[in-house]
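Listed here are the chains, written in short residue letters.
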Amino acid sequence: MLAGKAGWEDVDGALDREPQFLRRYVAEVEIQTNEVQRAWALLPCLLELARWSEVPVFDLVELGTSAGLLLLWDRYHYRYAAGEWGPNSAALELAGEERGRVPGELLRVVPRARRRVGIDRNPLDLRDPADLLLLKSFVWAGQDDRLARLDAVELLPAELGRRDDGALMIVLNSAALGYVDEPGRRAVRDALEREGREGPLAYLTTTQPATGSHHHWGLAVELWPGGGRREVAHADFHGAWLDWRG
């Protein structure tokens, strides 16, 4: 449809005309979701980690990064009820519905990104028209069960081993681990726990909220060594609204 070869008014006709393409697509194409609006909900969590850890420099490692839109979190301009954050010259401005307001003093925290690493077995290139078209086709894909397994289990430990005292390494999981099996999720967790005992490390994850709701995310931050874990917000799955709880 995005390429102009089909339309919603004649789905049956498209199925008749394009059987080979559709068979190959279903068999080979891995789901890629890039909801840059999620950055609006995640930014206060990153700022809270900077405030909590008292470390103003970040190395960010994202699990399931695809085209890397969330890795560029500090290059967007954000609007909240209590103020704005980010460069005024940014090409993209993000805003949403605040059900619980982000504190103004939190928006005055300005950490610096030193290093960005994305872990994804099929990263996409937004300069490639085919990759860009693919990403557009997965805006609200509704096919979660076909999301590709990640290489996080194998690659994350090596990235954690590159930590140094010059920055706080933050591992970001924005829904990706929901598509990894239980042994894989346990391996990621074990790697975080093991490396957290060795030195400063942070984890920002989307998870089921403490209320048990299946209708939105809980946003949790965790800090090692000894910092503990806190659920700081609830949020829409795609970042349309945020309920900051601090």
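Please refer to the structure placed before this passage.
Remember, predicted model here, so these are calculated numbers, not experimental data. (Residues numbered from 1 in each chain as written. Predicted model: local features only at pLDDT ≥ 70, side-chain atom pairs only at ≥ 80, totals over all residues. Heavy atoms only, no water.)

> Any chance you could explain helix α4 (residues 129-137) here in plain terms?
Since the α-helix advances by 3.6 residues per turn, residues separated by three or four positions end up pointing in the same direction. Of the residues making up α4, those classed as buried are Asp131, Leu134 and Leu135. Projected down its long axis, α4 shows its buried positions confined to an angular sector of 100°, all on one face. On the buried face of α4, the contacting elements are α2 (19-28). You can read the cap of α4 off the contacts: a side-chain oxygen lies 2.8 Å from the backbone nitrogen of alanine 130, and it is on aspartate 128. (Buried < 20%, exposed > 50% of the residue type's maximum accessible area, 1.4 Å probe, protein only. Helix = DSSP H or I, 4+ residues; strand = E, 2+ residues; numbered from the N terminus. Arc of directions from axis to C-beta. Contact = heavy atoms within 4.5 Å. Polar contact = N/O pair within 3.5 Å; in protein donor to acceptor, adjacent residues only side chain to side chain.)

> Help me out: how do you make sense of a nonpolar patch on the surface in this one?
Where nonpolar side chains cluster on the molecular surface, the patch consists of Met1, Leu2, Trp8, Val11, Leu15 and Leu133 and spans about 630 Å² of accessible area. Checked against the element boundaries, leucine 2 lands in the segment before α1 (11-17). (Patch = residues over 30% accessible without salt bridge, like charges linked within 9 Å, V, L, I, M, F, W, Y side chains within 5 Å. Areas by Shrake-Rupley, 256 points an atom, 1.4 Å probe, with all protein chains shown as cover. Salt bridge = Lys/Arg side-chain N within 4 Å of Asp/Glu carboxyl O.)

> Hey, could you run me through the packing of aromatic side chains in this one?
The geometry of an aromatic ring pair is captured by two quantities: the separation of the ring centres and the angle between the planes. For the coordinates displayed, the defined rule picks out 7 aromatic pairs. Both rings, one in phenylalanine 21 and one in tyrosine 25, keep their centres 5.7 Å apart while their planes meet at 40°; by these two values the pair is tilted. With phenylalanine 21 and tyrosine 25 both in helix α2, this residue pair falls 4 residues apart, about one helical turn. Residue class for phenylalanine 21 comes out partly exposed when judged on its relative accessible area of 39%. (Phe/Tyr/Trp six-rings, centres within 6.5 Å; stacked < 30°, edge-to-face > 60°.)

> Got a minute to help me understand the sheet that holds strand β10 (residues 228-235) in this structure?
Read across the sheet, 8 strands follow the order β5-β11-β10-β9-β8-β7-β1-β6 without closing on themselves; strand pairing throughout is mixed. Looking at strand neighbours, the two that pair on one side only are β5 (97-100) and β6 (112-119), the edges of this open sheet. When strand polarity is set aside, the average angle formed by the axes of neighbouring strands in this sheet is 25°. (Pairing = 2+ DSSP bridges. Axes fitted to C-alpha atoms, helices over the stretch in contact; angles between N-to-C directions.)

> Which parts of the structure should I look at to understand the pattern of salt bridges?
Two side chains that carry opposite charge are able to pair once their charged atoms sit near each other. This model, assessed by the stated rule, comprises 19 salt bridges. In this structure, the salt-bridge partner of aspartate 74 is arginine 116, at a minimum N-O distance of 2.7 Å. Of this pair, aspartate 74 sits in the loop between β1 (57-63) and β2 (77-80) while arginine 116 sits in strand β6, and the two are 42 residues apart along the sequence. Judged by relative accessible area, aspartate 74 falls into the buried class, the value being 18%.

> What's the story with the sheet that holds strand β4 (residues 93-94) in this structure? I'm lost.
Sheet strands line up and pair through hydrogen bonds in the backbone, either parallel or antiparallel. Overall, mixed pairing links the 3 strands, which are arranged β3-β2-β4 in an open sheet. Of all strands in the sheet, those bounded by a partner on one side alone are β3 (83-85) and β4. Against the sheet, helix α3 (residues 38-53) touches β2, β3 and β4, its axis set at about 85° to β2.

> Would you explain the pairing of β1 in this entry?
Look at any regular strand and the pattern is simple: side chains alternate between the two faces of the sheet. With 7 of 7 residues buried, β1 lies mostly within the body of the structure. Residues Val57, Asp59, Val61 and Leu63 line one face of β1 and the alternating positions Phe58, Leu60 and Glu62 line the opposite face, and both faces are buried. Where β1 lies against β6, 7 bridges are found, and the strand directions are parallel. Residue pairing in the sheet places leucine 60 in a bridge with arginine 116 of β6. In the sheet, β1 pairs with strand β7 (residues 168-173) via 6 bridges, with the strands oriented parallel.

> Would you mind going over α3 with me for this structure?
Look at α3: 23 Å from first C-alpha to last across 16 residues, which is about the 22 Å you get at 1.5 Å a residue. Counting buried residues in α3 gives 14 out of 16 residues, a clear majority hidden from the surface. At the C-terminal side of α3, glutamate 54 shows a positive phi close to 60°. (Expected span 1.5 Å × (residues − 1).)

> What's the story with the nonpolar core in this structure? I'm lost.
Membership of the largest hydrophobic core comes to 42 residues, with the highest contact counts inside it found for Trp73, Tyr78, Ile170, Leu204, Leu219 and Leu242. Those elements giving two or more residues to this core turn out to be α3, β1, β2, β7, β8 (201-207), β9 (217-224), β10 and β11 (241-244). Among the elements that make up this core, the one with the highest residue count is α3 (10 residues). Dropping the residues within four chain positions of it, isoleucine 170 is found in contact with Leu46, Leu49, Phe58, Asp59, Leu60, Val61, Ala202 and Leu204. Core analysis: the next-biggest nonpolar cluster, separate from the first, contains 16 residues, Ile119, Ala191, Leu201 and Tyr203 among them. (Core = buried A, V, L, I, M, F, W, Y, C linked by side-chain atoms within 4.5 Å.)

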